[in-house]
Amino acid sequence: MTNHSRIPLAGVIGSPIAHSRSPVLHNHWLERYGLSGHYIPMDIAQTDLEEVLEMLPKMGFVGLNVTLPHKESVLKLADIVTDRAALIGAANTLIFRADGKIHADNTDGYGFMANLRQYAPDWDPKSGPAMVFGAGGAARAILAALIDAGVPEIRVTNRTRPRAEALRNDFGAKITVVDWVQSPHQLWDAATVVNTTSLGMTGKPPFTLSLAELNPKALVTDLVYTPLQTEFLTAAAALGCRTVDGLGMLLHQAAPGFERWFGQRPDVDDEARNKVMGI
Ligand code: NAP
């Protein structure tokens, strides 16, 4: 039986994990609210995952964040999987319940929406089609969130077209698959434009599709947050679009887990942003 009167421990599991900014964020919040608890990065091999999930609750862990390559595998090991985690096919937040059950959730879509609501409060997701670049793991969370928010049509475009088609099969009739090279011509009436590819991230190739036909009324956001101001966002801003960077999504997706583990809803504000950016 897990003893939840001990100092609560939480952490993030992945491999590699050294790059993760989650420990800085959670430990900042612990210190800021004067809470007892610790948050630890753990490099866990795929082959050890099951054993680790069995052991950690016994050691005083109350939950975990989960990153690559474990986001899908943890679903099979959890006792309770939320509907949104099941739809996305991945979890990023685990709660080790006092009754010994593992609860798996995905808060990426929540983080995405909370970021847009914070930095673009006038944005109306229902006002027109969305264009989503990319069809990887993150795109699945974004599609679930956009559909939930009432976006009337979502155009998905991906270098590898079958991955976009798989999303249409999973997410239904609101999804239209657009050819990667044709996608620049489908931006003129988009109300929401999202880059979920890794293009533009430090160390990755640049985003080279043209944004020249972008609707100037569109809200444009990038999941990439290193650098904070990507060329994708710079190009959109130059055309008069409102832009929101991806760091807020990272911060907001962390908040529900922190609240469940440590009992305090944390503020997502400039102080937290600056901590994570190392400023
Ligand atoms: P993923 O599953 O590996 O998917 C990567 C996506 O990028 C795929 O659509 C892939 O297309 C595309 N891509 C990669 N290289 C490309 C290239 N050279 N040309 C065209 N497309 C290319 O990764 P993910 O988990 O979805 O993450 C995607 C990005 O979102 C990463 O930069 C990640 O850091 C960021 N992210 C940010 C947050 C946040 O909180 N802000 C949360 C989650 C993820 P193919 O299918 O053709 O390979």
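Predicted model, so just to flag it, every value in this text is computed and none were measured.

Per the secondary structure count, the chain includes 10 helices and 12 strands. Relative to a compact globule of 279 residues, whose C-alpha radius of gyration would be 19 Å, the chain shows 19 Å and is just as compact. Principal axes of the C-alpha set define a box for the chain whose edges measure 60 × 40 × 35 Å. By residue count, 53% of the 279 residues in the chain fall in the buried class. For the chain, the proportion of contacts with a sequence separation of at least 24, taken over those separated by at least 6, is 66%. The average position of the 25 basic charges and that of the 29 acidic charges among the side chains of the chain differ by 2 Å.

On to the packing of helix 6 (residues 137-148) against helix 7 (residues 161-171), then. The contact between helix 6 and helix 7 brings their axes to 11 Å, and the two run at 40°. When the interaxial angle is binned, helix 6 and helix 7 end up oblique. Helix 7 is crossed by helix 6, and the crossing has right-handed handedness. For the pair helix 6 and helix 7, the contacting residues are Ala139, Arg140, Leu143, Ala144 and Ile147 in the first and Leu167, Asp170 and Phe171 in the second. Grouping the amino acids of the contact of helix 6 with helix 7 by side-chain chemistry returns six nonpolar, no polar and two charged.

Structurally, the chain comprises domain 1 (9-106 + 249-277) and domain 2 (109-245). Counting residues at the interface gives 14 residues for domain 1 and 18 residues for domain 2. Summing both sides of the interface, domain 1 and domain 2 together bury roughly 1400 Å²; the carbon and sulfur share of this comes to 59%. Seen at the junction of domain 1 and domain 2, the total is one salt bridge. Close ionic contact of Asp245 with Arg273 constitutes a salt bridge, the shortest N to O distance being 2.8 Å. Where domain 1 meets domain 2, there are six residue pairs in polar contact (both at pLDDT 80 or more).

Across the sheet, six strands lie side by side as 2-1-3-5-6-4; this open sheet has mixed pairing. With one partner strand each, in any of the chains shown, strand 2 (38-43) and strand 4 (80-81) form the two edges of the open sheet. Looking at chain direction, strand 3 (residues 61-66) and strand 5 (residues 93-96) are connected through three bridges and run antiparallel. Of the residues in strand 5, the one forming a bridge with Leu64 is Leu94. On the sheet, helix 1 (residues 22-32) packs against strand 1 (9-14), strand 2 and strand 3 and is oriented at approximately 170° with respect to strand 2.

Taken as a whole, this structure holds 13 salt bridges when the rule is applied. Linking Asp269 and Arg32 is a salt bridge whose minimum nitrogen-to-oxygen distance equals 2.9 Å. Taken together, the positions of Asp269 in the loop between helix 9 (247-262) and helix 10 (270-277) and Arg32 in helix 1 put the pair 237 residues apart, joining distant regions of the chain. Overall, Asp269 belongs to the partly exposed group, its relative accessible area being 22%. Judged by relative accessible area, which is 30%, Arg32 ranks as partly exposed. A salt bridge links Arg140 to Asp170; its shortest N-O distance comes to 2.8 Å. Of the two residues, Arg140 is situated in helix 6 and Asp170 in helix 7; the sequence distance between them amounts to 30 residues. On the accessibility criterion, Asp170 (43% relative accessible area) is partly exposed.

The rules behind these values
Residues numbered from 1 in each chain as written. Predicted model: local features only at pLDDT ≥ 70, side-chain atom pairs only at ≥ 80, totals over all residues. Heavy atoms only, no water. Helix = DSSP H or I, 4+ residues; strand = E, 2+ residues; numbered from the N terminus. Rg over C-alpha atoms; globule rule 2.2 N^0.38 Å. Buried < 20%, exposed > 50% of the residue type's maximum accessible area, 1.4 Å probe, protein only. Contact = heavy atoms within 4.5 Å. Lys, Arg positive; Asp, Glu negative; His and termini not counted. Charge placed at Lys NZ, Arg CZ, Asp CG, Glu CD. Axes fitted to C-alpha atoms, helices over the stretch in contact; angles between N-to-C directions. Parallel < 35°, antiparallel > 145°, perpendicular 65-115°, else oblique. Left-handed = near helix turned anticlockwise from the far one by under 90°. Nonpolar A, V, L, I, M, F, W, Y, C, P; charged D, E, K, R; others polar. Domains from an automatic or database assignment. Buried area = accessible area lost by both parts, 1.4 Å probe. Salt bridge = Lys/Arg side-chain N within 4 Å of Asp/Glu carboxyl O. Polar contact = N/O pair within 3.5 Å; in protein donor to acceptor, adjacent residues only side chain to side chain. Pairing = 2+ DSSP bridges.

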